[in-house]
Amino acid sequence: MQTITLPHSDLTITRMTFGAWAIVGGFNWGHQEEKDSLAALQEAYEQGITFFDTAQAYGNGASEQMIHQALGDVYDKIVIATKIVPDDFGYEDVKRACEARIQALQSDHLDLLQLHWPNPDIPVEETMRALVDLKQEGKIRAFGVSNFGKQDLTEALEVTKEISSNQLPYNLLWRAIEFDILPLCEKHQIPVLSYSSIMQGLLAGKFSNPQEVPDDRARSRHFSSERSQARHSEGGQETLTFEAIAQIKQIAEREDIPMASLSMAWLIAQPGMGSIIVGARNPQQVRDNVAAMQVSLSDQLVEELNEVTRPLKEALGSNADMWQSDSRIH
Ligand SMILES: NC(=O)c1ccc[n+]([C@@H]2O[C@H](COP(=O)([O-])OP(=O)(O)OC[C@H]3O[C@@H](n4cnc5c(N)ncnc54)[C@H](OP(=O)(O)O)[C@@H]3O)[C@@H](O)[C@H]2O)c1
């Protein structure tokens, strides 16, 4: 498994990250058996993934607790990224929230602490200062941001240059960060950690038309705002989305590469990418996803995938927020 070292840190991470949101089930994901979740985490480690992404928001600590249960014995061999919620971005709140995450993970420090979403109501200077202090105190080994667009990232960088990562939505069906955010991250050498890397299963080819996608997975701006769980106000891009899916599927069949693997191989080939975060709900999905790391695409194939998804990219535009129209993430 390929690795990189996160800047401003001594953390070596694998270029595939296990995303530990879906393993708690519930919102967005429905029923999930705990034994499958624990087995998926252990399989990821056995398959060579040593970077795990979690958050307070994933089951209010349940995901972090599961990571401890499955992998507590190998904490010295893995790197865990967690996140705190925007309500906790005041100076003292960051410190308190950090302690709470340490407790949920039953550790004595955090590896990578991320700010889950920007909070325009709290001065970013206060939040970043708390992160810098926590790092100096040895409570965290590095800090990163998530869902920070041009404006928020620029403001955060004015406080400290020590930002080790920016976690953003990125996949073949969601290329909004390519307009401005990804170039800015590259300029400052901040690796991107991509989330929803297979677009919550859409890029695994399990749905062939919008009607097949359950409402709680059809919240993104690909789908009409008439879907019951939608928080945006747009008509959606269902036709372009499913045209792109059909074309990617055709290319995958022609190349004899599973569609999800092809999509992940495209993603890892993009400049500025640090690690691709992929969720998995059972050991088989983990094995299938890890296999994608062996796939390498020719420049020509990458360009062909760029071309078939360009109309969707242009139609969705530079708003990188998958769920809201009125967003700061540009
Ligand atoms: N920072 C943020 O705001 C943010 C937001 C979202 C996610 N994230 C992070 O990113 C991670 C990944 O993103 P995501 O969970 O949104 O989506 P994702 O990784 O694109 O999709 C994961 C889902 O796809 C399905 N799947 C996985 N492997 C598969 C395979 N080989 N074949 C077929 N289906 C497969 C599984 O669901 P089914 O089996 O149910 O189809 C799985 O839960 C999360 O776990 C979380 O760590 C961060």
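Residues numbered from 1 in each chain as written. Predicted model: local features only at pLDDT ≥ 70, side-chain atom pairs only at ≥ 80, totals over all residues. Heavy atoms only, no water.

**Focus on the overall build of the chain**
And step 1. For the chain, the helix and strand inventory stands at ten helices and ten strands.
And step 2. The C-alpha atoms of the chain give a radius of gyration of 19 Å, which matches the 20 Å a tight globule of 330 residues would have.
And step 3. Projected onto its principal axes, the C-alpha positions of the chain cover 55 × 40 × 40 Å.
And step 4. Looking at the chain as a whole, 58% of its 330 residues qualify as buried.
And step 5. Once local pairs closer than 6 in sequence are excluded, the contacts in the chain between residues at least 24 apart make up 72%.
And step 6. Accessible surface, the chain: about 13,400 Å² in total, of which carbon and sulfur atoms supply 45%.
And step 7. Seen as two clouds, the 28 positive and the 47 negative side-chain charges of the chain have centres 1 Å apart. (Helix = DSSP H or I, 4+ residues; strand = E, 2+ residues; numbered from the N terminus. Rg over C-alpha atoms; globule rule 2.2 N^0.38 Å. Buried < 20%, exposed > 50% of the residue type's maximum accessible area, 1.4 Å probe, protein only. Contact = heavy atoms within 4.5 Å. Areas by Shrake-Rupley, 256 points an atom, 1.4 Å probe, with all protein chains shown as cover. Lys, Arg positive; Asp, Glu negative; His and termini not counted. Charge placed at Lys NZ, Arg CZ, Asp CG, Glu CD.)

**Looking at the sheet that holds strand β6 (residues 110-115)**
And step 1. Spatially, eight strands are ordered β3-β4-β5-β6-β7-β8-β9-β10 in a closed barrel, and the strand pairing comes out parallel. Going across the sheet, the axis of each strand differs from the next one's by a mean of 30°, ignoring polarity.
And step 2. Direction of pairing for strand β8 (residues 166-169) relative to strand β9 (residues 192-195): parallel, over a ladder of four bridges. Note on β9: the bridge partner recorded for Leu168 is Ser194.
And step 3. Of the strands in this sheet, β5 (79-84), β6 and β7 (140-146) are in contact with helix α3 (residues 91-104), which crosses β5 at around 135°.
And step 4. Set on the sheet, helix α4 (residues 124-136) makes contact with β6 and β7; between it and β7 the angle comes to about 155°. (Pairing = 2+ DSSP bridges. Axes fitted to C-alpha atoms, helices over the stretch in contact; angles between N-to-C directions.)

**As for the pairing of strand β3 (residues 16-19)**
And step 1. Side chains of β3 alternate between two faces, with Met16 and Phe18 and Thr17 and Gly19 buried alike.
And step 2. For β3 and strand β10 (residues 273-279), the ladder comprises four bridges, and the chain directions are parallel. The residue of β10 that forms the bridge with Met16 is Ile276.
And step 3. Regarding the hand of the β-α-β motif, the stretch spanning β3, helix α1 (residues 34-46) and strand β4 (residues 51-53) is right-handed. (Right-handed = clockwise from strand over helix to strand, strands pointing away.)

**Observations regarding the packing of α4 against helix α5 (residues 150-159)**
And step 1. At a minimum axis separation of 9 Å, α4 and α5 run at an interaxial angle of 55°. Between α4 and α5, the angle falls in the class oblique. Of the two possible hands of crossing, α4 and α5 adopt the one that is right-handed. Between α4 and α5, the residues in contact are Val124, Glu125, Met128 and Arg129 and Glu155, Ala156 and Val159, respectively.
And step 2. In terms of residue class, the contact of α4 with α5 is built from four nonpolar, no polar and three charged. (Parallel < 35°, antiparallel > 145°, perpendicular 65-115°, else oblique. Left-handed = near helix turned anticlockwise from the far one by under 90°. Nonpolar A, V, L, I, M, F, W, Y, C, P; charged D, E, K, R; others polar.)

**Quick word on the site of the ligand**
And step 1. Neighbouring residues of the ligand: 30 residues in total, closest Asp53, Lys206, Arg217, Arg281 and Gln285.
And step 2. Separating an oxygen atom of the ligand from a side-chain N or O atom of Lys206 is a distance of 2.3 Å.
And step 3. Asn289 is positioned such that a nitrogen or oxygen atom in its side chain is 2.8 Å from a nitrogen atom of the ligand.
And step 4. Bound to the protein, the ligand loses 93% of the 900 Å² it would expose on its own.
And step 5. Most atoms of the ligand, that is more than half of them, are within 2 Å of grid points of the largest pocket. (Near = heavy atom within 4 Å. Polar contact = N/O pair within 3.5 Å; in protein donor to acceptor, adjacent residues only side chain to side chain. 1 Å grid on protein atoms, 1.4 Å probe; cavity = no way out; pocket = protein on both sides within 12 Å on 5 of 7 lines; lining within 4 Å. Sits in = over half its atoms within 2 Å of the grid points.)

**Focus on the pattern of salt bridges**
And step 1. Here the structure, examined in full by the defined rule, presents 23 salt bridges.
And step 2. One salt bridge in this structure joins Asp36 and Lys35, with 3.8 Å as the shortest N-O distance.
And step 3. Accessibility expressed as a relative area gives 58% for Lys35, which makes it exposed.
And step 4. Two residues, Arg96 and Asp93, come together in a salt bridge whose shortest N-O distance is 3.3 Å. Linking Arg96 with Asp93, this pair stays in helix α3, spanning three residues, or about one helical turn.
And step 5. Classification of Arg96 by relative accessible area gives partly exposed; the value is 47%.
And step 6. Salt bridges sharing partners connect three or more residues here, namely Asp10, Asp111 and Arg141. (Salt bridge = Lys/Arg side-chain N within 4 Å of Asp/Glu carboxyl O.)

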